[in-house]
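A look at the structure
Spelled out from the first residue to the last, the chains are:
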Amino acid sequence: MVDDRTILITGATSGLGRALAQRLAATGATVLLHGRDAAKGERTLAEISKATGNDRLEWYRADFADLHEVQDMADAIRDRHTQLHALVNNAGIGPPKPGTVRTERSAQGHELCFAVDYLAHFALTRALYPVLNQTGHVDHARIVNVSSTVQAPLDFDNTVIDRFETYGQSKLAQIMMTLDLAERFRDTHVAAVAVHPLTVNDTKKAQTSTTPDARATAALIDEMDLPVINGKFFNVSTEERAHRQAYDVRVREQLRNLSEELTGF
Ligand SMILES: NC(=O)c1ccc[n+]([C@@H]2O[C@H](COP(=O)([O-])OP(=O)(O)OC[C@H]3O[C@@H](n4cnc5c(N)ncnc54)[C@H](OP(=O)(O)O)[C@@H]3O)[C@@H](O)[C@H]2O)c1
């Protein structure tokens, strides 16, 4: 049977994203691979195509530290595709090394981890709403946000985005976005879910660059029903409560307003 799904994976050039891309390519789905490095992307596409025999792979380059590049990529995808069955928001830069402070900023001047892990995906998801929605009318569509069990509360006292300095705040922001999307798409055939993708052992392996186990994330795309996953946070395969701040609708509204202001979406 032909797999007629179209699936976009951000950060598909290494780690979990790459493993997931290969797994999904093996089913024959049309897989859109994203990354920031053109040479690495083309190499990854060629290797996955060779390993799986899938010639329906596409490569999209965008540095998520620049919202203009995110917008251009969304435009290019919308030009080519009227259907998107899964958007996997996976690209990320991880926490700074222990004892160090990350000082780099995105092109728009935002703290880098918050910009890449959260804001870029907020913008991409908004830009791809119409395609996801349209897919939901005829089929099922899902947004899978690759988050983490590392979650830290957001602090809006200082409106300067430098306050969102940590990985944990960016990952919790992704979960808040998930809950908002779940509300928005309730009673439709589009679902949003957040996942911490790897067990502790697999996390250690991922750090030593062994191919990570993408099964838990793949199951959210391939196997689990929309009503079961919509608005949920999974720790690998087990549904779990996220940090309590995620369930505070006022905080989520504050974050949504701030994100719209910062991204222009
Ligand atoms: N690994 C774990 O143990 C673990 C645990 C919990 C959650 N997670 C989450 O899982 C996701 C994947 O993690 P991973 O370990 O697979 O990470 P990884 O191996 O470092 O891969 C991250 C991907 O994101 C891309 N990326 C980084 N910065 C980018 C930017 N500015 N613009 C566009 N793409 C960019 C990378 O591109 P390059 O290939 O060019 O670097 C790569 O494709 C992340 O969101 C992470 O927070 C991972």
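Let us look at the structure shown here.

Reading the values: rules and limits
- Residues numbered from 1 in each chain as written.
- Predicted model: local features only at pLDDT ≥ 70, side-chain atom pairs only at ≥ 80, totals over all residues.
- Heavy atoms only, no water.
- Buried < 20%, exposed > 50% of the residue type's maximum accessible area, 1.4 Å probe, protein only.
- Helix = DSSP H or I, 4+ residues; strand = E, 2+ residues; numbered from the N terminus.
- Pairing = 2+ DSSP bridges.
- Axes fitted to C-alpha atoms, helices over the stretch in contact; angles between N-to-C directions.
- Contact = heavy atoms within 4.5 Å.
- Core = buried A, V, L, I, M, F, W, Y, C linked by side-chain atoms within 4.5 Å.
- Polar contact = N/O pair within 3.5 Å; in protein donor to acceptor, adjacent residues only side chain to side chain.
- Near = heavy atom within 4 Å.
- Areas by Shrake-Rupley, 256 points an atom, 1.4 Å probe, with all protein chains shown as cover.
- Nonpolar A, V, L, I, M, F, W, Y, C, P; charged D, E, K, R; others polar.

Moving on: helix α7 (residues 215-222). With six of its eight residues buried, α7 lies for the most part within the structure. Among the residues making up α7, those that are buried are Ala 216, Thr 217, Ala 218, Ala 219, Leu 220 and Ile 221.

This brings us to the sheet that holds strand β5 (residues 141-146). Spatial ordering of the open sheet is given by β3-β2-β1-β4-β5-β6-β7-β8, a layout of eight strands whose pairing is mixed. Bordering the open sheet on either side are β3 (57-61) and β8 (238-240), each of which pairs with just one other strand. Averaged over all neighbouring strand pairs, the angle between strand axes comes to 25°, with direction disregarded. Where strand β7 (residues 232-235) lies against β8, three bridges are found, and the strand directions are antiparallel. Looking at the pairing, Phe 233 lines up with Glu 240 of β8. Set on the sheet, helix α5 (residues 167-184) makes contact with β4 (86-89), β5, β6 (190-196) and β7; between it and β5 the angle comes to about 160°. Against the sheet, α7 touches β1 (6-9), β4, β5, β6 and β7, its axis set at about 160° to β5.

Attention shifts here to the nonpolar core. Among the nonpolar cores identified, the biggest contains 49 residues, and Leu 8, Phe 64, Leu 124 and Leu 128 are the most heavily contacted of them. Mapped onto this core, the elements with two or more residues apiece are α3 (67-80), α4 (112-138), β5, α5, β6 and α9 (249-263). Among the elements that line this core, the one with the most residues is α4, at 14 residues. When sequence neighbours within four positions are dropped, the list of residues in contact with Leu 124 reads Leu 8, Thr 10, Phe 64, Val 70, Met 73, Ala 74, Leu 87 and Asn 89.

This paragraph deals with the side chain of Asn 230. Mapped onto the fold, Asn 230 is located in the loop between α8 (226-229) and β7. From its side chain, Asn 230 meets the backbone nitrogen of Ala 192 in a polar contact 2.9 Å long. Discounting chain neighbours no more than four positions away, the residues touching Asn 230 are Ala 182, Arg 186, Val 190, Ala 191 and Ala 192.

So, about the site of the ligand. In the neighbourhood of the ligand, 28 residues make up the surrounding shell, with Thr 13, Arg 36, Lys 40, Asn 90 and Tyr 167 lying closest. Gly 11 places a polar main-chain atom, nitrogen or oxygen, 3.2 Å from an oxygen atom of the ligand. Phe 64 places a main-chain nitrogen or oxygen 2.8 Å from a nitrogen atom of the ligand. When isolated, the ligand has an accessible area of 900 Å², and the protein chains bury 85% of it. Looking at the shell around the ligand, the elements with two or more residues in it are α1 (15-25), α5 and α6 (200-207). In terms of residue class, the shell around the ligand is built from 13 nonpolar, eleven polar and four charged.

Structural measurements only, silent on function.
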